[in-house]
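# Close look at the chain arrangement
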Amino acid sequence: WKYVATSESKRKVEYLFHFFDLFSEFLSVLLLSTFNQNKQFYNSESHRWTSNDSQYDDWIKKATFGGWNNLTANLLKTVRILINPKDKDEKDIFFDLLGKPSSEFLNLITSKKIFPILENVREYRNNWKGHGGVAGKQELANRLTLLEKELNSLRQIIQGAFDDCMLISATTGDYTNYIHNYKAKDLVGNKTPFNEIKVSSLKPLDKDKLYFVHQNHNEPIELLPFIKFNQESKACYFYNSIKTTNVRWVSFHFEQKSE
């Protein structure tokens, strides 16, 4: 929304870099959280997305765009491998683990086109921020054109993948007939207050955690704690790095307290 709202090319470029960076992190966290629902599955399959490349040793302590991209690529490849097993029972187990997603969502998480887009953006950022000089008006316009091309390509892949999904934060609830019923905030859109919805779940939901839910699926996926939502400020924070014993969290929309 910040990218759409501003007319300044320099700011648009900055916001798009944030978007691509956080999209890679969000997709990685979403898939890791999905697999983490089944600890046995996670432990047996984690070798597929764990990199043996020494340049990614302990990368998570100072998470980089390249590190998230590498993880995202490995996770997407894992989904493509596991989504079509020879054993039908294995396929049913994996499909259920994914939360019985829509065909549009499956198209997203099996796409081979996402990683090249993210890598193109990473190279742009390295060239422009790490090794580039001061950019003039025309250069900024050229950069924006390149990033918007990648944005449009990613939009074509995403399309309606998230239309039947919700990202929720539970507020109050009760337990009746073995079903947990909650009021929750649907964390979608650029305006607050967020819509309040009703959610039924086979498991209890923690009000301090975030959950990803596919439509008509009553087992919300608990997101691993790389993304936090502050109930008071309505601000969303993403994991950034570990400094000594403290974790650094960054918001890319809440300017009053960005860290």
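What this report covers is the structure whose coordinates are included nearby. Residue numbers restart at each chain and count upward from 1, following the sequence in its written direction. Reporting in this predicted model follows two pLDDT cut-offs: at least 70 for local features of residues, and 80 or more for side-chain atom pairs to be given and counted; totals over whole chains, interfaces and linings ignore these cut-offs and use all residues. Remark: hydrogens and water are excluded; side-chain values derive from all non-hydrogen atoms of the structure.

## Things to note about the layout of surface pockets
Approximately 1,700 Å³ is the volume attributed to the largest pocket. Of the two site types, the cavity is a set of points on a 1 Å grid over the protein atoms alone where a 1.4 Å probe fits but cannot get out, and the pocket is an open set with protein on both sides within 12 Å along at least five of seven lines, each lined by residues with an atom within 4 Å of a point. For the largest pocket, the lining is made up of 37 residues, of which Trp1, Phe19, Gly189, Asn190 and Phe238 are closest to its centre. Only α1 (2-5), α2 (9-36), α8 (137-158), β1 (165-176), β6 (227-230) and β7 (235-243) provide two or more residues apiece to the lining of the largest pocket. It is α2 that provides the largest number of residues to the lining of the largest pocket, a total of seven residues. Three categories are distinguished: nonpolar for Ala, Val, Leu, Ile, Met, Phe, Trp, Tyr, Cys and Pro, charged for Asp, Glu, Lys and Arg, and polar for the others, with Gly belonging to the last. Class assignment of the residues belonging to the lining of the largest pocket gives a composition of 26 nonpolar, six polar and five charged. Grid points are joined across faces, edges and corners, and a volume is the space filled by probe spheres set on the points. Here the second largest pocket is characterised by a volume of approximately 520 Å³. Secondary structure counts use DSSP, requiring at least four H or I residues in a row for a helix and at least two E residues in a row for a strand, with both numbered from the N terminus. Going through the elements one at a time, α2, β1 and β6 are the ones with two or more residues in the lining of the second largest pocket.

## Overview of the environment of leucine 32
Tracing the backbone shows leucine 32 in helix α2. For each residue, the accessible area found with a 1.4 Å probe, counting protein chains only, is set against the maximum for its type, and the residue is called buried under 20%, exposed over 50%, and partly exposed in between. A residue is classified by how much of its surface remains accessible, and leucine 32, at 9% relative accessible area, is buried. Between the C-alpha atom of leucine 32 and that of tyrosine 42, which follows or precedes it by ten residues, the distance is 8.5 Å. Residue contacts are counted whenever heavy atoms from the two residues lie within 4.5 Å of one another. Apart from residues lying up to four places away in sequence, leucine 32 is in contact with Tyr42, Trp49, Leu71, Leu75 and Leu224.

## Re the pattern of salt bridges
When a carboxyl oxygen of Asp or Glu is within 4 Å of a side-chain nitrogen of Lys or Arg, the pair counts as a salt bridge. Inspection of every chain in the model, using the stated rule, returns ten salt bridges. In this structure, the salt-bridge partner of aspartate 208 is lysine 207, at a minimum N-O distance of 3.6 Å. Accessibility assignment for this pair places aspartate 208 and lysine 207 in one class, exposed. Two residues, lysine 209 and glutamate 222, come together in a salt bridge whose shortest N-O distance is 3.2 Å. With a gap of 13 residues between them, lysine 209 in the loop between β3 (195-201) and β4 (211-214) and glutamate 222 in strand β5 (residues 221-222) connect regions that are remote in the sequence. Judged by its relative accessible area of 33%, lysine 209 falls in the partly exposed class. Under the relative-accessibility criterion, glutamate 222 is labelled partly exposed at 32%.

## Comments concerning the side chain of histidine 217
Assignment of secondary structure puts histidine 217 in the loop between β4 and β5. If we skip the residues at most four places from it in the chain, histidine 217 touches Asp96, Gly99 and Lys100.

## Quick word on the state of the cysteines
What we call a disulfide is simply a covalent bond connecting the sulfur atoms of a pair of cysteines. In this description, a disulfide is simply a cysteine sulfur pair whose atoms lie within 2.5 Å. By the definition in use, this model includes zero disulfides. Cysteine 236 provides the cysteine sulfur closest to cysteine 165, a residue in no disulfide bond, and the two sulfurs are 16 Å apart. Given a relative accessible area of 22%, cysteine 236 falls into the partly exposed group.

## As for the nonpolar core
In plain words, nonpolar cores are sets of buried Ala, Val, Leu, Ile, Met, Phe, Trp, Tyr and Cys residues tied together by side-chain atoms within 4.5 Å. Counting residues in hydrophobic clusters, the biggest one holds 66 residues, and the most contacted among them are Phe20, Phe35, Ile109 and Ile114. Broken down by element, this core gets its largest block of residues, 14 residues, from α2. Counting nine residues, the second-largest nonpolar core is a separate cluster that includes Ala170, Ala184, Val199 and Tyr211.

## As for the packing of aromatic side chains
The criterion for an aromatic pair is that two Phe, Tyr or Trp rings (for Trp, the six-membered ring) have centres within 6.5 Å, with stacked assigned to planes under 30 degrees apart, edge-to-face to planes over 60 apart and tilted to the rest. By the definition in use, this model includes 18 aromatic pairs. Here the aromatic rings of tyrosine 124 and tryptophan 128 are separated by 5.0 Å at their centres, their planes lie at 5°, and the arrangement is stacked. Note that tyrosine 124 and tryptophan 128 are positioned in helix α7 (residues 114-130) at a spacing of four residues, about one turn of the helix. Each ring, one from phenylalanine 194 and one from phenylalanine 229, has its centre 5.8 Å from the other, and the planes form 65°; the classification is edge-to-face. With phenylalanine 194 in the loop between β2 (179-186) and β3 and phenylalanine 229 in strand β6, the pair connects residues that are 35 residues apart, well separated along the chain. With relative accessibility at 15%, the residue phenylalanine 229 sits in the buried group. Put simply, the rings of Phe35, Phe41, Tyr42, Trp49 and Phe94 touch in pairs and so form one group of aromatic residues. Whether a charge sits over a ring comes down to the Lys NZ or Arg CZ being within 6 Å of the ring centre and within 35 degrees of the ring normal. The ring of tyrosine 3 has lysine 12 lying over it, and the distance from NZ or CZ to the ring centre is 4.4 Å.

## What to know about the sheet that holds β3
Paired strands, in this sense, are two strands between which DSSP finds at least two bridges. Strand order in this open sheet of five strands is β3-β2-β1-β4-β5, and the pairing throughout is antiparallel. Looking at the sheet topology across the chains shown, the edges are occupied by β3 and β5. Direction of pairing for β2 relative to β3: antiparallel, over a ladder of seven bridges. For histidine 180, the partnering residue across the bridge sits in β3 and is serine 201.

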